[in-house]
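Below, each chain spelled out in residue letters.
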Amino acid sequence: MNNEELLTMQQLNKSHKNDLLSLATIVGWDYDLEEIQTLLVSGTMFGHITLEKKVVSCAAIIPYGAKLASIGMVIVHPNYRGRGLAKVLLIQCMNQLPRNMALMLIATKEGRPVYEKLSFKEYSHVTKLLGKGKQMKLVLDGYTIHQFVKTDLEEMLVLDQAAFGSSRVLFLENRIKQAKDSLVLKDRKGVMVGYALTVKKPSNLVIGPIVAQDDEQAILLIKTIIANNQGSIRIDIVEGKNTIMEELQKLGFQIVNRPPVMVKNIEAFPKRNNCLYAIAAQAYG
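Report on the accompanying structure. Since the structure is predicted, the reported quantities are computational estimates derived from the model, not experimental observations. (Residues numbered from 1 in each chain as written. Predicted model: local features only at pLDDT ≥ 70, side-chain atom pairs only at ≥ 80, totals over all residues. Heavy atoms only, no water.)

## What about the packing of helix α1 (residues 17-26) against helix α2 (residues 33-42)?
Right, so step 1: Put simply, α1 and α2 touch, their axes get as near as 10 Å, and they point 115 degrees apart. The orientation of α1 with respect to α2, classified from their angle, is roughly perpendicular. Relative to α2, the crossing made by α1 is right-handed. When α1 is examined against α2, the residues Lys17, Asn18, Leu20 and Leu21 are found in contact with a partner set consisting of Leu33, Ile36, Gln37 and Leu40.
Right, so step 2: Broken down by class, the residue content of the contact of α1 with α2 amounts to five nonpolar, two polar and one charged. (Axes fitted to C-alpha atoms, helices over the stretch in contact; angles between N-to-C directions. Helix = DSSP H or I, 4+ residues; strand = E, 2+ residues; numbered from the N terminus. Parallel < 35°, antiparallel > 145°, perpendicular 65-115°, else oblique. Left-handed = near helix turned anticlockwise from the far one by under 90°. Contact = heavy atoms within 4.5 Å. Nonpolar A, V, L, I, M, F, W, Y, C, P; charged D, E, K, R; others polar.)

Shown next as structure tokens:
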């Protein structure tokens, strides 16, 4: 490969899904075609393409209402690094939004210097934990848990917007279609107080997002998933949820990474009500 090989940047679409999966696999990310489809339909993705029509870089911008957007799946093929492709893609993503809108991303060690040059600042962290499904007795103590039905959507969106700080209707609708489990937690009066989604990836069952009013509710949702699934399970817990991490470690989960959440235009970052416990995936913020 000639380092001066001509590349063109363009918006990517479903015809590029296999190339995008190859890129994710090269860098060791646990993606499948369903995950890439959710990214494509929830946001806008750009990439660099060779004369042979091969995708060698990518980045996605996912808007969440009028207050917040996330940048994810920033990848440059190892053979094409050192050419500033990631920076070009990031600027293209940012140009899709109002100038002062809050932007977030979860940074890899390799990507952090590029983000800092573009005025992203560390805001918090997420903690990635891995464990396995295991049978256990569950005591719901007045709560009920059931699989999501369409009539739950309105309540779910209200809970999620308060927890996340901005509306992510399109993303949640697409994520529910992709989900293996979509669990809804209701109190004695039948009012929804929390929810949790899971997505099956090639290597892990991924739990998230999780929204709940308190630690007890979040633990009930997590334990229900762990008790009803076998094999490897991943969960990315937001900063400050120490009780949840301690409970997960008691169940045999291990901390494997703690990447930073970085934000641009931090003064515009929307307020959250402390009810977000786990993110959907690092690509979605």
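## Some thoughts on the environment of Thr8
Right, so step 1: Mapped onto the fold, Thr8 is located in strand β1 (residues 8-11).
Right, so step 2: For the pair Thr8 and His48, spaced 40 residues apart in the sequence, the C-alpha separation amounts to 5.3 Å.
Right, so step 3: Setting aside its immediate chain neighbours within four residues, Thr8 contacts Gly47, His48 and Ile49.

## Here's the deal with the pattern of salt bridges
Right, so step 1: Enumeration over the complete set of coordinates arrives at 11 salt bridges.
Right, so step 2: Note that Glu247 is salt-bridged to Lys223, the shortest N-O span being 3.2 Å. You can see Glu247 sitting in helix α8 (residues 242-250) and its partner Lys223 sitting in helix α7 (residues 215-227), a full 24 residues away along the chain.
Right, so step 3: According to the relative accessible area criterion, Lys223 is partly exposed, its value standing at 22%.
Right, so step 4: The salt bridge involving Arg258 is made with Glu239; its shortest N-O contact spans 3.5 Å. (Salt bridge = Lys/Arg side-chain N within 4 Å of Asp/Glu carboxyl O. Buried < 20%, exposed > 50% of the residue type's maximum accessible area, 1.4 Å probe, protein only.)

## A closer look at the state of the cysteines
Right, so step 1: Overall, the coordinates contain zero disulfides when judged by the stated rule.
Right, so step 2: Counting only cysteine sulfurs, Cys58 is the nearest neighbor of Cys93, a cysteine outside any disulfide, at a range of 9.5 Å. (Disulfide = S-S within 2.5 Å.)

## Details of the nonpolar core
Right, so step 1: Leu20, Leu39, Met45, Cys58, Met73 and Tyr284 are the most contacted members of the largest nonpolar core, which has 47 residues in total.
Right, so step 2: Setting aside residues up to four positions removed in sequence, Leu20 forms contacts with Leu12, Ile36, Met45, Val55, Cys58 and Met73. (Core = buried A, V, L, I, M, F, W, Y, C linked by side-chain atoms within 4.5 Å.)

## Observations concerning the environment of Thr50
Right, so step 1: Within the element layout of this structure, Thr50 appears in the loop between β2 (44-49) and β3 (57-64).
Right, so step 2: Residues Thr50 and Glu5, 45 residues apart in the sequence, show an inter-C-alpha distance of 7.7 Å.
Right, so step 3: The residues contacting Thr50, other than those within four sequence positions of it, are Glu5, Leu6, Leu7, Val56 and Tyr80.

## Some remarks on the packing of aromatic side chains
Right, so step 1: Evaluated as defined, the whole model comprises six aromatic pairs.
Right, so step 2: Judged by centre distance (6.2 Å) and plane angle (75 degrees), the rings of Tyr64 and Phe171 are edge-to-face. Highlighted residues: Tyr64 in strand β3 and Phe171 in helix α6 (residues 169-178), separated in sequence by 107 residues. Side by side, Tyr64 and Phe171 carry an identical accessibility label, which is buried.
Right, so step 3: The ring of Phe164 carries the charged tip of Arg168 above its face, separated from the ring centre by 4.0 Å. (Phe/Tyr/Trp six-rings, centres within 6.5 Å; stacked < 30°, edge-to-face > 60°. Lys NZ or Arg CZ within 6 Å of the ring centre and 35° of its normal.)

## So, the packing of α7 against α8
Right, so step 1: As a packed pair, α7 and α8 sit with axes 10 Å apart at the nearest point and diverge in direction by 30 degrees. Classed by the angle they form, the pair α7 and α8 counts as roughly parallel. Every pair of crossing elements has a handedness; the one defined by α7 and α8 is right-handed. Across from Asp215, Ala218, Ile219, Ile222, Lys223 and Ile226 in α7, the residues of α8 making contact are Thr243, Ile244, Glu247 and Leu248.
Right, so step 2: Its residues placed into classes, the contact of α7 with α8 shows six nonpolar, one polar and three charged.

## With respect to the pairing of strand β10 (residues 205-212)
Regular strands show a simple pattern: their side chains alternate between the two faces of the sheet.
Right, so step 1: Counting buried residues along β10, eight of its eight residues qualify, which places the element largely inside the surrounding structure.
Right, so step 2: Summarising the sheet, strand β9 (residues 192-200) and β10 pair through six bridges and their orientation is antiparallel. Looking at β10, one finds that Ala196 is bridged to Ile210.
Right, so step 3: Taking the residues between adjacent antiparallel strands as the criterion, β9 and β10 are bridged by four residues.
Right, so step 4: For the crossover that starts at β10, traverses α7 and ends in the parallel strand β11 (residues 232-238), the hand is right-handed. (Pairing = 2+ DSSP bridges. Right-handed = clockwise from strand over helix to strand, strands pointing away.)

## Focus on unusual backbone geometry
Right, so step 1: Residue Gly208 is joined to Pro209 through a cis peptide bond whose omega torsion reads 0 degrees.
Right, so step 2: Among the structural elements, Pro209 can be located in strand β10.
Right, so step 3: The phi dihedral of Lys53 is positive, around 70 degrees, even though this residue is not glycine.
Right, so step 4: Position of Lys53 among the secondary structure elements: in the loop between β2 and β3.
Right, so step 5: Positive phi is not limited to glycine here, since Ser119 has a value of about 75 degrees.
Right, so step 6: With respect to the secondary-structure elements, Ser119 resides in the loop between α4 (112-117) and β6 (121-132).

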